[in-house]
Amino acid sequence: MTYQKQFSDEWGIILGGSSGIGLAALEKLAAAGMNIAVLYREMAVADRTVRETLSRIADKEKVVILPHNINALDEQSRRSFIRTFRDYTGNRPKVRLLLHSIARGNLKPLAGDTDEGILSHEDLAATTYAMSTSLLDWTRELVQEKLFIPGAGVIGLTSGGAHRYWDGYGAVAIAKSSLETLATYMAVEFAKYGLRTNLIQAGITSTPSLERIPGSQELLELAARRNPMGRRTTPGDVAGAIYLLCTGEASWINGALLHVDGGEHCL
């Protein structure tokens, strides 16, 4: 499908875009003319594959894609990226979207016969920062550098696991619950800067991060059987919703939690 190049000369910043939902969103937005700066963490061999994929997308859609294989959770790396990005794009607002798609958490039980192998306070803090409160640091700094255009959007990804028990998912569930509260407050307090903050709760989706969750195959099979639409959610489904939230027609959507799951959450 061909999309109008409605986001020409505008930028998206995707935190965690080398695979899964982040990569699907990058492809969708690039097809609509949006330039993308994408941050991810990969080893050297995987990095070459990622860069080849991004180069193909950029050539096909005639957009700029800037790959950055850095730690988006490190303060100095974040500030270095923002300086480089500002110098590349010029000293005027150009960012339409900040997408937080970082999937980095500890998958350990809360309880055990000993302290070995269970979640520590450090595990909980690291997971919560990676999958929740790091969004605040990125948003604040981009606001301070005046890089967002008026009406820009900040989008985070939450999970049904924040509202029901999944084996080994405790630290991530706590982080996602924190993200949902954070997004509510950001929607109010960053509105004066012309920013909208929204969350997407995708259905159970086959991604590399899901595969690391204990019992992920059973979750996928259950989602396929129970989904009212007769199939499970794909990264492309979620990318479509991210695209919609970037459009002018979505300009009055702020502080929302959008279910993108074919009705899975109703059951």
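The sections below set out a description of the structure shown in this document. The numbering scheme is per chain: residues are counted from 1 as the chain's sequence reads. Totals for whole chains, interfaces and linings use every residue, but because this is a predicted model, local features are given only for residues with pLDDT of at least 70 and side-chain atom pairs only at 80 or more, for both listing and counting. For side-chain calculations, the full set of non-hydrogen atoms in the structure is used, while hydrogens and water are omitted.

### Quick look at the overall build of the protein
This is how it is decided: Secondary structure is summarised from DSSP: a helix means a run of H or I of at least four residues, a strand means a run of E of at least two, and numbering begins at the N terminus for each. In this description the radius of gyration comes from C-alpha coordinates, and the expected globular size is given by 2.2 Å times residues to the power 0.38. Whether two residues touch is decided by their heavy atoms; if any such pair falls within 4.5 Å, the residues are in contact. Here the open area of atoms and residues is found with the Shrake-Rupley method and a 1.4 Å probe, where only the protein chains shown may cover a residue. All tallies of charge rest on Lys and Arg as positive and Asp and Glu as negative; His and the ends of each chain are not included. Think of each charge as sitting on NZ of Lys, CZ of Arg, CG of Asp or CD of Glu.
Looking only at helices and strands, the protein features 8 helices and 7 strands. What you see for the protein is a C-alpha radius of gyration of 18 Å, in line with the 18 Å of a compact globule of 267 residues. Considered along the principal axes of its C-alpha atoms, the protein spans approximately 55 × 40 × 40 Å. Across the protein, the fraction of contacts at a sequence separation of at least 24, relative to all contacts at a separation of at least 6, is 76%. Accessible area for the protein stands at about 13,100 Å²; split by element, carbon and sulfur atoms hold 53% of it. Distance between charge centres in the protein, computed from 28 positive and 29 negative side chains, equals 7 Å.

### Observations concerning the nonpolar core
For soluble globular proteins, the rule of thumb is that nonpolar side chains tend to be buried together. What counts is decided by this rule: Think of a nonpolar core as a cluster: buried Ala, Val, Leu, Ile, Met, Phe, Trp, Tyr and Cys residues, connected wherever their side-chain atoms sit within 4.5 Å. Each residue is placed in one exposure class: buried if its accessible area under a 1.4 Å probe, protein chains only, is under 20% of its type's maximum, exposed if it is over 50%, and partly exposed if it falls in between.
Ile13, Leu98, Trp138 and Phe148 are the most contacted members of the largest nonpolar core, which has 42 residues in total. Within the residue set of this core, elements represented by two or more residues are strand E1 (11-15), strand E2 (35-40), helix H3 (75-89), strand E4 (95-100), helix H4 (121-144), strand E5 (148-159), helix H5 (170-189) and helix H7 (216-226). When sequence neighbours within four positions are dropped, the list of residues in contact with Ile13 reads Ala37, Leu39, Phe81, Phe85, Val95, Leu97, Leu98, Leu99 and Leu142. Counting 35 residues, the second largest nonpolar core, distinct from the first, contains Leu29, Val238, Ile242 and Cys246.

### Some remarks on the pattern of salt bridges
Threshold: Criterion for a salt bridge: a side-chain nitrogen of Lys or Arg within 4 Å of a carboxyl oxygen of Asp or Glu.
According to the stated counting rule, one finds 12 salt bridges in the structure shown. Notably, a salt bridge pairs Arg79 with Glu75, separated by 3.0 Å at the nearest N-O pair. Taken together, the residues span about one helical turn, with Arg79 and Glu75 both in helix H3 at a distance of 4 residues. Its relative accessible area of 38% is what places Glu75 among the partly exposed residues. Where Asp237 meets Arg231, a salt bridge forms, and the shortest distance between an N and an O atom there is 2.8 Å. A residue is classified by how much of its surface remains accessible, and Arg231, at 44% relative accessible area, is partly exposed.

### A short note on the packing of aromatic side chains
So the rule is basically this: Each pair of aromatic rings taken from Phe, Tyr and Trp, with Trp reduced to its six-membered ring, is defined by centres within 6.5 Å and is described as stacked if the planes are under 30 degrees apart, edge-to-face if over 60, and tilted in the remaining cases. Only Lys NZ and Arg CZ are tested; either one counts as a charge over a ring when it is within 6 Å of the ring centre and within 35 degrees of the ring normal.
Evaluation of the coordinates by the stated rule reveals 6 aromatic pairs. Ring geometry for Phe7 and Tyr243: centres 6.1 Å apart, planes at 70°, overall edge-to-face. In this pair, Phe7 sits in the segment before E1 while Tyr243 sits in helix H8 (residues 235-246), placing the two residues 236 residues apart along the sequence. Neither Phe7 nor Tyr243 differs from the other in exposure class; each is buried. Between the aromatic rings of Trp11 and Phe85, the centroid separation amounts to 5.3 Å while the plane-to-plane angle is 90°, which identifies the pairing as edge-to-face. Of this pair, Trp11 sits in strand E1 while Phe85 sits in helix H3, placing them 74 residues apart in sequence. Here Trp11 matches Phe85 in class, with each residue buried. The aromatic ring of Tyr243 is capped on one face by Lys28, whose charged end is 5.8 Å from the ring centroid.

### Overview of the packing of helix H1 (residues 20-31) against helix H2 (residues 44-61)
Two quantities define a packed helix pair, namely the angle between the helix axes and the distance between the axes. The criterion, for reference: Here, axes are lines fitted to C-alpha atoms. For helices the fit covers the stretch in contact, and angles between N-to-C directions go from 0 to 180 degrees. Angle categories are assigned with fixed cut-offs, so that under 35 degrees is roughly parallel, over 145 is roughly antiparallel, 65 to 115 is roughly perpendicular, and the rest are oblique. For a crossing to be left-handed, the near helix must be turned anticlockwise from the far one by less than a right angle; the clockwise case is right-handed. Put simply, Ala, Val, Leu, Ile, Met, Phe, Trp, Tyr, Cys and Pro go in the nonpolar bin, Asp, Glu, Lys and Arg in the charged bin, and everything else, Gly too, in the polar bin.
Relative orientation of the contacting elements H1 and H2 amounts to 20°, with a least axis distance of 9 Å. In terms of orientation, H1 lies roughly parallel with respect to H2. As for the relative orientation of H1 and H2, their crossing is right-handed in sense. Residues Leu23, Leu26, Glu27, Ala30 and Ala31 of H1 lie in contact with H2, whose contacting residues are Leu54, Ile57 and Glu61. Each residue belonging to the contact of H1 with H2 can be placed in one class, and the counts come to 6 nonpolar, no polar and 2 charged.

### Details of the side chain of Asn198
The condition that has to hold: Each polar contact in these results corresponds to two N or O atoms within 3.5 Å; when the atoms are within protein, one needs to be able to donate a hydrogen and the other to accept it, and residues that are neighboring in sequence are counted only if both atoms are side-chain atoms.
Within the secondary structure, Asn198 sits in strand E6 (residues 196-202). Given the relative accessible area of 3%, Asn198 is considered buried. There is a polar contact of 3.1 Å between the side chain of Asn198 and the backbone nitrogen of Gly255. Within the structure, Asn198 has its side chain in polar contact with the backbone nitrogen of Ala256 (distance 2.8 Å). Sequence-distant contacts of Asn198, that is, excluding residues within four places in its chain, are made with Val154, Ile155, Gly156, Leu245, Ile253, Asn254, Gly255 and Ala256.

### Some remarks on the sheet that holds E4
Paired through their backbone hydrogen bonds, the strands of a sheet run either parallel or antiparallel. Note the cut-off: We treat two strands as partners when DSSP finds at least two bridges between them.
An order of E3-E2-E1-E4-E5-E6-E7 is seen for the 7 strands of this open sheet, with the pairing classed as parallel. Pairing within the sheet leaves two strands with one partner each, and these edge strands are strand E3 (65-69) and strand E7 (257-260). Neighbour-to-neighbour, the strand axes of this sheet turn through a mean angle of 20°, independent of strand direction. For E2 and E3, the ladder comprises 5 bridges, and the chain directions are parallel. Directly across from Tyr40, in E3, lies its bridge partner Asn69.

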